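Residue-level structural notes
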Amino acid sequence: MRPARLAAIVVGAILLVPSAAAASGTTTSPFTPPPVNPSLRAKAHRTESNVVARFLVVGKVKDWVGRYPKTSLVTQAEFDRRTGRWTVHVWSGPAGEIAEGRVDDLTGKVTEAWTGPQVAWPMARGQTGAFGGKEINSLPVWLTFCAIFLLGLADLRRPFSLRNLDLVALLSFSVSLWFFNRGLIFTSVPLLYPVFAYLIARSVFVGIRGRAAPATVPVWPIWVLAAATVFVGGFRIGLNLADSNVIDVGYSGVIGAQRIASGQAPWGRFPIEAGKPCAAPEADGRQPYRIQANGRCEASNPNGDTYGPVAYEAYLPGYAAIGWKGKGDDLDAARFTSILFDVLAVLGLALVGLRFGGRRLAVTLAFAWAAYPFTQYVSSSNTNDAIQPVLLIFGFWLATSPPARGAFGALAGWTKFGPLLLAPLWATYPDARRLRPALLYAAGFVVATTCAFSILLLEPNPLHAARVFYDRTIPHQIGRASPFSLWDWRQYHAGLPDLNVLQYVLEGLLVAGALLVAFLPRRKSPLQLAAFSAALLLGFEVVLTHWFYAYLAWFFPFFVFAALAPAREPAPAEATEPYGRPARELVAAG
């Protein structure tokens, strides 16, 4: 089957289904504590002042609270007769709530202590297995993935080669994740940026040079890597089914699919924590399960409708196959979608490698995705972060077809918006001086965009639905606060540097870079397209205020292509290739 025909089938499957048919948080604002109920205090063994004093001497609490003027501190402790625990709060002026914890009434022991970003962000508390489950976060499983990835792809004959340095850099995000899993956000976050800087520099270098790393003598026969890919791929699926969790991002995809299948656009229709409770309270007293406006009992996810349409349409096959009943559902539709796109990533990279480098590159790229621990982190967390790289992979595979490139680029962009940054580069490939390919790219982009947003027609007033889409997505994504980057630490008023101006500068440079690489060099090879795409996606992640480890899957396919596709000669530009004909191989098939 010709690539263009297969692409039409893939695009049709993604687009025609919807046509037919996040955790967000910020630090709390300044707060006047409510009066304590005297009847609760009478039932407790300890006094409020005693409990507060015990909490404030805990090491991490003392260190963090010590950053603020004593005169600004406001404390409060509330006793819960159901659990026999005190909840302690500490506020400081414009910083809002700066510490919170639990104290056992009988023993006086501090059982939980949260400071800074941990107060408003449970994901900053280092809860074991909170993302991906316990197995993928366990040291033996994680290091096994790292070892397989490194041994399978490294140049073992030249341990100090640039290829090996690239692989180590990709794995070095594990150090940051180790600190993140222990709730040490102010250590984990700064460790990210030196690695990002290196990967961007490498991508730009390959793009400008137009030549990949020198060819290496293969260590493993093709059949060994192929067998390892199949084995690791099967293990990945088993790990997802046996020990994974669905975080709010995956949950939002299932909610969106249910809304679309019910004849509604998803934006503005997500479950909120209001209305009649329909389940017992949780341990902290919250009752997230409520009867929603549609009459269903659903757990709240008020900020899950902040993505593009494809982020919900991609879950329609899983929802159609498995469904979602609300309360008591294990969200297997989300797991179905994660596994589906994980498999599509391996298949797509194999097709890319086969087209641009032959059998060895095909197996190498497929193995790289299967063995990279952070792509399994995406799968085990059941997030939506494999969707847009998969769409970009297929768009890159069909790079010689401007309409297909535009269609897949649009679908990827209308997932989580970042790939829209690639539009100028992909529109001008392979020769920026030719207008006709750019127009064909734009046509494919517009058609795919129209199909993706066709779900707005499900609403009585599509224009109002479009406005709701905008209000729920773009302002939220731009204005959200988060501790998971360097850019928003000023919100804590704790003597941390305010780097917001630097963030604006980098954003400007990123936009300028996206326009620059669209026209320079004027003629680009597939290698250069991949390298510059990786650089732009990496740059996008650098300037994000809210960042997460699952985002590493966004740039990974393009970086490994640029890093692992050796060429003894400069990669040929495709300007003279008729559109739709197979491109010349980047390296000799092997």
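Residues numbered from 1 in each chain as written. Predicted model: local features only at pLDDT ≥ 70, side-chain atom pairs only at ≥ 80, totals over all residues. Heavy atoms only, no water.

1. With respect to empty space enclosed by the protein
Here the largest cavity is characterised by a volume of approximately 80 Å³. When contributions to the lining of the largest cavity are tallied by element, the ones reaching two or more residues are helix H16 (332-356) and helix H18 (373-381). If one sorts the elements of the lining of the largest cavity by residue count, H16 sits on top with five residues. Roughly 60 Å³ of volume is contained in the second largest cavity. Residue lining of the second largest cavity: Pro 122, Met 123, Gly 126, Gln 127, Gly 129, Ala 130, Phe 131, Asn 137, Phe 180 and Asn 181, and that is the complete set. Its residues assigned to classes, the lining of the second largest cavity comprises five nonpolar, five polar and no charged. (1 Å grid on protein atoms, 1.4 Å probe; cavity = no way out; pocket = protein on both sides within 12 Å on 5 of 7 lines; lining within 4 Å. Points joined across faces, edges and corners; volume = space filled by probe spheres on them. Helix = DSSP H or I, 4+ residues; strand = E, 2+ residues; numbered from the N terminus. Nonpolar A, V, L, I, M, F, W, Y, C, P; charged D, E, K, R; others polar.)

2. Some remarks on the nonpolar core
Judged by nonpolar contacts, the single largest core of 166 residues is most densely connected at Phe 149, Phe 173, Phe 180, Phe 196 and Phe 555. With near-sequence residues (within four places) excluded, Phe 196 lies in contact with Phe 173, Leu 538, Glu 541, Val 542, Trp 547, Leu 552 and Phe 555. (Core = buried A, V, L, I, M, F, W, Y, C linked by side-chain atoms within 4.5 Å. Buried < 20%, exposed > 50% of the residue type's maximum accessible area, 1.4 Å probe, protein only. Contact = heavy atoms within 4.5 Å.)

3. With respect to the environment of Leu 425
Along the chain, the position of Leu 425 falls in helix H21 (residues 423-427). Once the C-alpha coordinates of Leu 425 and Ala 514 are considered, the two residues, 89 residues apart in sequence, prove to be 6.8 Å apart. Other than its neighbours up to four places away in sequence, Leu 425 contacts Val 517, Ala 518, Lys 524, Leu 529, Phe 532, Ser 533 and Leu 536.

4. Describing the state of the cysteines
Evaluated as defined, the whole model comprises one disulfide. Paired through a disulfide, Cys 278 and Cys 297 show a sulfur-sulfur distance of 2.0 Å. For the disulfide bridge between Cys 278 and Cys 297, the dihedral angle about the S-S bond is near 85°, and by the sign convention the bridge is right-handed. In this pair, Cys 278 is assigned in the loop between helix H13 (248-261) and strand S5 (289-291) and Cys 297 in strand S6 (residues 297-299), connecting sequence segments 19 residues apart. (Disulfide = S-S within 2.5 Å.)

5. Overview of the sheet that holds strand S3 (residues 96-104)
Read from one edge of the open sheet, four strands run S1-S2-S3-S4, paired in antiparallel fashion. Edge strands, defined here as strands with exactly one partner in the open sheet, are strand S1 (73-80) and strand S4 (110-115). Strand after strand, the sheet turns through a mean of 15° between neighbouring axes, direction not considered. Where strand S2 (residues 85-92) and S3 come together, eight bridges link them in antiparallel fashion. Among the inter-strand pairings, Trp 91 is bridged to a residue of S3, identified as Glu 97. Here helix H3 (residues 48-56) sits on the sheet and contacts S1, S2, S3 and S4; the angle it forms with S2, its principal contact strand, is near 70°. (Pairing = 2+ DSSP bridges. Axes fitted to C-alpha atoms, helices over the stretch in contact; angles between N-to-C directions.)

6. Details of the pairing of S1
Two faces make up the sheet, and in a regular strand the side chains alternate between them. The pairing of S1 with S2 spans eight bridges and is antiparallel. Bridge pairing in S2 links Phe 79 to Trp 86. Counting the residues in the hairpin turn of S1 and S2 gives four residues, including Gly 84, whose phi is positive at 70°.

7. Quick look at the confidence of the model for the chain
A residue-level look at the chain finds 89% of positions with pLDDT of 70 or above and a mean pLDDT of 90. Confidence over residues 568-590 falls short of pLDDT 50; this stretch has 64 contacts with residues more than four positions distant or in other chains. (pLDDT = per-residue confidence, 0-100.)

8. Points about the pairing of S4
Examined bridge by bridge, S3 and S4 share five bridges and lie antiparallel to one another. Bridging across to S4, Ala 99 finds its partner in Thr 115. Linkage of S3 to S4, two consecutive antiparallel strands, is achieved through a turn of five residues, within which Gly 108 is found at a positive phi near 75°.

9. What about the side chain of Ser 203?
Residue position: Ser 203 is located in helix H11 (residues 192-209). Judged by its relative accessible area of 1%, Ser 203 is buried. Non-local contacts of Ser 203, meaning those with residues more than four positions away in its chain, are made with Ala 531, Ala 534, Ala 535, Leu 538 and Phe 559.

10. Some words on the layout of surface pockets
Looking at the second largest pocket, its volume works out to about 770 Å³. In terms of lining residues, the second largest pocket is bounded by 28 residues, among which Gln 477, Ile 478, Glu 507, Phe 540 and Leu 544 are the most central. Only helix H23 (462-479), helix H24 (500-519) and helix H25 (526-543) provide two or more residues apiece to the lining of the second largest pocket. The element contributing the most residues to the lining of the second largest pocket is H24, with six residues. Of the residues that constitute the lining of the second largest pocket, the class distribution is 16 nonpolar, seven polar and five charged.

11. A word on a nonpolar patch on the surface
A cluster of nonpolar side chains, contributed by Val 501, Leu 502, Val 505 and Leu 509, occupies part of the molecular surface with about 380 Å² of accessible area. Within the secondary structure, Leu 502 is located in helix H24. (Patch = residues over 30% accessible without salt bridge, like charges linked within 9 Å, V, L, I, M, F, W, Y side chains within 5 Å. Areas by Shrake-Rupley, 256 points an atom, 1.4 Å probe, with all protein chains shown as cover. Salt bridge = Lys/Arg side-chain N within 4 Å of Asp/Glu carboxyl O.)

12. Here's the deal with the side chain of Arg 102
Take Arg 102: it is sitting in strand S3. Residue class for Arg 102 comes out buried when judged on its relative accessible area of 10%. Those residues within four positions of Arg 102 in sequence are excluded, and the remaining contacts are Arg 85, Trp 86, Thr 87, Lys 109, Val 110, Thr 111, Glu 112 and Trp 114.

13. Overview of the packing of aromatic side chains
The relative placement of two aromatic rings is captured by the distance of their centres and the angle of their planes. Throughout the structure, instances matching the rule amount to 50 aromatic pairs. The interplanar angle of 80° and the centroid separation of 6.3 Å between the aromatic rings of Trp 267 and Tyr 312 together place this pair among those described as edge-to-face. One end of the pair, Trp 267, is in the loop between H13 and S5; the other, Tyr 312, is in helix H14 (residues 310-313), with 45 residues separating them in the sequence. The pair Trp 267 / Tyr 312 is uniform in exposure class, with both members buried. Over the face of the ring belonging to Trp 114 we find Arg 125, whose NZ or CZ atom lies 3.5 Å from the ring centre. It is Arg 296 that lies over the ring of Trp 324; its NZ or CZ is 4.6 Å from the centre. (Phe/Tyr/Trp six-rings, centres within 6.5 Å; stacked < 30°, edge-to-face > 60°. Lys NZ or Arg CZ within 6 Å of the ring centre and 35° of its normal.)

14. Focus on H11
For H11, built from 18 residues, the straight-helix expectation of 26 Å at 1.5 Å per residue is met to within 8% by its first-to-last C-alpha distance of 26 Å. All of the buried residues along H11 are Leu 192, Tyr 193, Val 195, Phe 196, Leu 199, Arg 202, Ser 203, Val 206 and Gly 207. Of the surrounding elements, those touching the buried residues of H11 are helix H8 (162-171), helix H9 (173-180), helix H10 (185-188), H25 and helix H26 (552-564). Just beyond H11, the residue with positive phi is Gly 210, at close to 70°. (Expected span 1.5 Å × (residues − 1).)

15. Section: unusual backbone geometry
The linkage connecting Tyr 429 with the following residue, Pro 430, adopts the cis geometry, with an omega of 0°. The phi torsion at His 493 lies on the positive side, around 50°, for a residue other than glycine. Among the secondary structure elements, His 493 is positioned in the loop between H23 and H24. We classify His 493 as partly exposed; its relative accessible area is 44%.

16. Comments concerning helix H17 (residues 359-371)
For H17, built from 13 residues, the straight-helix expectation of 18 Å at 1.5 Å per residue is met to within 8% by its first-to-last C-alpha distance of 18 Å. When we look at burial in H17, the residues that qualify are Leu 361, Ala 362, Val 363, Thr 364, Leu 365, Ala 366, Phe 367, Ala 368, Trp 369, Ala 370 and Ala 371. Where H17 is buried, its residues touch helix H7 (139-153), helix H12 (222-242), H16, H18, helix H19 (387-397) and H26.

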